Amino acid sequence: MSLNIKPLADRVLVEPMEAETKTASGIIIPDNAKEKPQKGTVVAIGNGKKDEPLTVKVGDTVLYGKYGGTDLKLEGKDYLMMRESDILAII
């Protein structure tokens, strides 16, 4: 997949994973009760700052804060643009 976007400095473009539609016990979750996902896949990264190289790489699955990042819609898909410091962990 090639997107026509290149994040700058320490910014990272993340594709959020789909929200859960069912609980572990099989109960279907309605659209208005679904929580915003906090897990996603890194699809593009910037070059990092002068003295701080990025630790994430394209393809990493990451956890991020619930309200982290800026929502973007590119080529019909939803993405989040965030600073690397908004990423909590690589899983």
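Structure shown above.
The paragraphs below set out a description of the structure included in this document. All figures in this text were calculated on a predicted structure; none of them were measured in a lab.

### Some remarks on the overall build of the chain
Each helix and strand in the chain was counted, giving zero helices and six strands. Reading the secondary structure of the chain in the N-to-C direction produces β-β-β-β-β-β. Summarising the internal contacts of the chain: among those between residues at least 6 apart in sequence, 64% fall at separations of at least 24. Accessible surface, the chain: about 6,300 Å² in total, of which carbon and sulfur atoms supply 52%.

### Here's the deal with the sheet that holds strand 1 (residues 11–16)
Through backbone hydrogen bonds, the strands of a sheet pair up, either in parallel or in antiparallel fashion. Reading across from one edge, 4-5-1-2-3-6 is the order of the six strands in this open sheet, with antiparallel pairing throughout. If you trace the sheet from one side to the other, it starts and ends with strand 4 (70–74) and strand 6 (87–90), each paired once. In this sheet, adjacent strand axes meet at a mean angle of 45° when their direction is disregarded. Pairing geometry for strand 1 and strand 2 (residues 39–45), over five bridges, is antiparallel. For V12, the partnering residue across the bridge sits in strand 2 and is I45.

### Topic: the pairing of strand 4
As paired strands, strand 4 and strand 5 (residues 77–83) are joined by five bridges and run antiparallel to one another. Of the residues in strand 5, the one forming a bridge with D71 is L80. Linkage of strand 4 to strand 5, two consecutive antiparallel strands, is achieved through a turn of two residues, within which E75 is found at a positive phi near 50°.

### Here's the deal with unusual backbone geometry
Phi is positive for A9, which is not a glycine, with a value near 50°. Given a relative accessible area of 32%, A9 falls into the partly exposed group. Notably, E75 is not glycine yet its phi reads approximately 50°, a positive angle. When its relative accessible area of 62% is taken as the criterion, E75 is described as exposed.

### Focus on the nonpolar core
Formed by V12, V14, V42, V56, V62, Y64, L80, M82 and I87, the largest nonpolar core amounts to nine residues. Mapped onto this core, the elements with two or more residues apiece are strand 1, strand 3 (61–64) and strand 5. Residues within four places of L80 in sequence aside, it is in contact with V12, L13, V14, P16, Y64, G68, G69, T70 and D71. The next biggest cluster of nonpolar side chains, apart from the first, holds six residues, and it includes L3, L13, A44 and Y79.

### As for the environment of D71
Turning to its location among the elements, D71 is positioned in strand 4. D71 sits in the exposed class, given a relative accessible area of 57%. In sequence terms D71 and V14 are 57 residues apart; their C-alpha atoms lie 9.8 Å from each other.

What counts and how
- Residues numbered from 1 in each chain as written.
- Predicted model: local features only at pLDDT ≥ 70, side-chain atom pairs only at ≥ 80, totals over all residues.
- Heavy atoms only, no water.
- Helix = DSSP H or I, 4+ residues; strand = E, 2+ residues; numbered from the N terminus.
- Contact = heavy atoms within 4.5 Å.
- Areas by Shrake-Rupley, 256 points an atom, 1.4 Å probe, with all protein chains shown as cover.
- Pairing = 2+ DSSP bridges.
- Axes fitted to C-alpha atoms, helices over the stretch in contact; angles between N-to-C directions.
- Buried < 20%, exposed > 50% of the residue type's maximum accessible area, 1.4 Å probe, protein only.
- Core = buried A, V, L, I, M, F, W, Y, C linked by side-chain atoms within 4.5 Å.

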